[in-house]
Amino acid sequence: MTDLSPLMPAAEALISDFTRTGRMIATAESCTGGLIAAVLTEVPGSSAVVERGFVTYSNEAKAEAIAVPAELIADKGAVSREVAMAMAEGALAASRADVAVAVTGVAGPGGGSPEKPVGLVHFGFAAKGRPTTHEEHRFGDLTRAEIRLATVAVALAGLSKLNE
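Definitions and cut-offs
- Residues numbered from 1 in each chain as written.
- Predicted model: local features only at pLDDT ≥ 70, side-chain atom pairs only at ≥ 80, totals over all residues.
- Heavy atoms only, no water.
- Helix = DSSP H or I, 4+ residues; strand = E, 2+ residues; numbered from the N terminus.
- Polar contact = N/O pair within 3.5 Å; in protein donor to acceptor, adjacent residues only side chain to side chain.
- Contact = heavy atoms within 4.5 Å.
- Pairing = 2+ DSSP bridges.
- Axes fitted to C-alpha atoms, helices over the stretch in contact; angles between N-to-C directions.
- Core = buried A, V, L, I, M, F, W, Y, C linked by side-chain atoms within 4.5 Å.
- Buried < 20%, exposed > 50% of the residue type's maximum accessible area, 1.4 Å probe, protein only.
- Lys, Arg positive; Asp, Glu negative; His and termini not counted.
- Salt bridge = Lys/Arg side-chain N within 4 Å of Asp/Glu carboxyl O.

K.L.:
Help me understand the side chain of Thr-27, please; the structure alone is not making it clear to me.
P.N.:
Within the secondary structure, Thr-27 sits in strand 1 (residues 25–29). Only 3.4 Å separates the side chain of Thr-27 from the side chain of Glu-29, close enough to count as a polar contact. Setting aside anything within four residues of it in sequence, one finds Thr-27 in contact with Ile-36, Ala-37, Leu-40, Arg-52, Gly-53, Phe-54, Ala-91 and Val-101.

Here it is in structure tokens:
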């Protein structure tokens with residue numbers, strides 16, 4: 001199992017801040033396989049903040065669970081700006097959360113291409129009443145575990161910004 005301890009201070013601060021504001025979070029995860037939700041729910045009291053998480057590893061799960069159009073996935077690819085944003089919007093729509101984060105990427109060690117190399121992760125951030133935003137990170141030639149942990153760290157930071 002991956003050591004989550006480096007992420008815990010950020011997760012604890014996030015849970016505290018969201019508890020104070022009374023806002024709830026949903027996650028939609030592909031390349032992290034539920035790790036964002038796992039880190040958040042490791043914090044005592046997280047049930048006041050974490051509304052639900054969707055692990056949408058397959059393209060079918062993205063379409064069925066959070067209404068990402070299959071045509072969008074076919075046209076842009078699962079690892080894309082457009083799909084990450086649609087995942088975040090879909091998680092928000094399919095939950096009672098106030099904000100949502102979505103991640104889709106290539107964690108490796110295989111599966112990369114010149115256009116979409118290992119370490120490429122797209123993030124979608126959605127909040128009620130705000131435009132959906134996107135971040136792209138290229139973590140480079142790290143291990144699968146390192147890419148997934150770096151992805152969680154960026155997701156936590158982005159969620160924190162949504163609560164400002």
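From this point, the narrative continues.
K.L.:
What is the right way to read the sheet that holds strand 5 (residues 133–138) from this model?
P.N.:
Strand pairing in a sheet relies on backbone hydrogen bonds, with the paired strands running either antiparallel or parallel. If you trace the five strands from one edge of the open sheet to the other, you get 2-1-3-4-5, paired in mixed fashion. Across the chains shown, the open sheet's two edge strands, defined by having one partner strand only, are strand 2 (50–55) and strand 5. Neighbour-to-neighbour, the strand axes of the sheet open up by a mean angle of 15°, direction not taken into account. As paired elements, strand 4 (residues 120–127) and strand 5 share six bridges and run antiparallel to each other. What sits directly across from His-122, in strand 5, is Glu-136.

K.L.:
I tried to follow the nonpolar core on my own but got confused; where do I start?
P.N.:
One broad trend across soluble globular proteins is that nonpolar side chains are buried collectively. Judged by nonpolar contacts, the single largest core of 33 residues is most densely connected at Ile-25, Val-39, Leu-40, Phe-123, Leu-156 and Leu-159. Listed by contribution, the elements that provide at least two residues to this core are helix 1 (8–21), helix 2 (35–41), strand 3 (99–105), strand 4 and helix 6 (144–162). Here this core takes eight residues from helix 6, the largest share from any one element.

K.L.:
Honestly, the side chain of Arg-148 in this entry has me stumped. Any pointers?
P.N.:
Within the secondary structure layout, Arg-148 lies in helix 6. Here Arg-148 sits buried without a salt bridge, and the closest side chain of opposite charge, Glu-29, lies 7.3 Å off (N-O distance). Within polar-contact distance, the side chain of Arg-148 engages the backbone oxygen of Cys-31 at 3.1 Å.

K.L.:
Just to check I follow, could you spell out the pattern of salt bridges for this structure?
P.N.:
Two side chains carrying opposite charge are able to pair once their charged atoms lie near each other. Here the structure, examined in full by the defined rule, presents three salt bridges. Notably, a salt bridge pairs Glu-136 with Arg-138, separated by 2.8 Å at the nearest N-O pair. Judged by its relative accessible area of 40%, Glu-136 is partly exposed.

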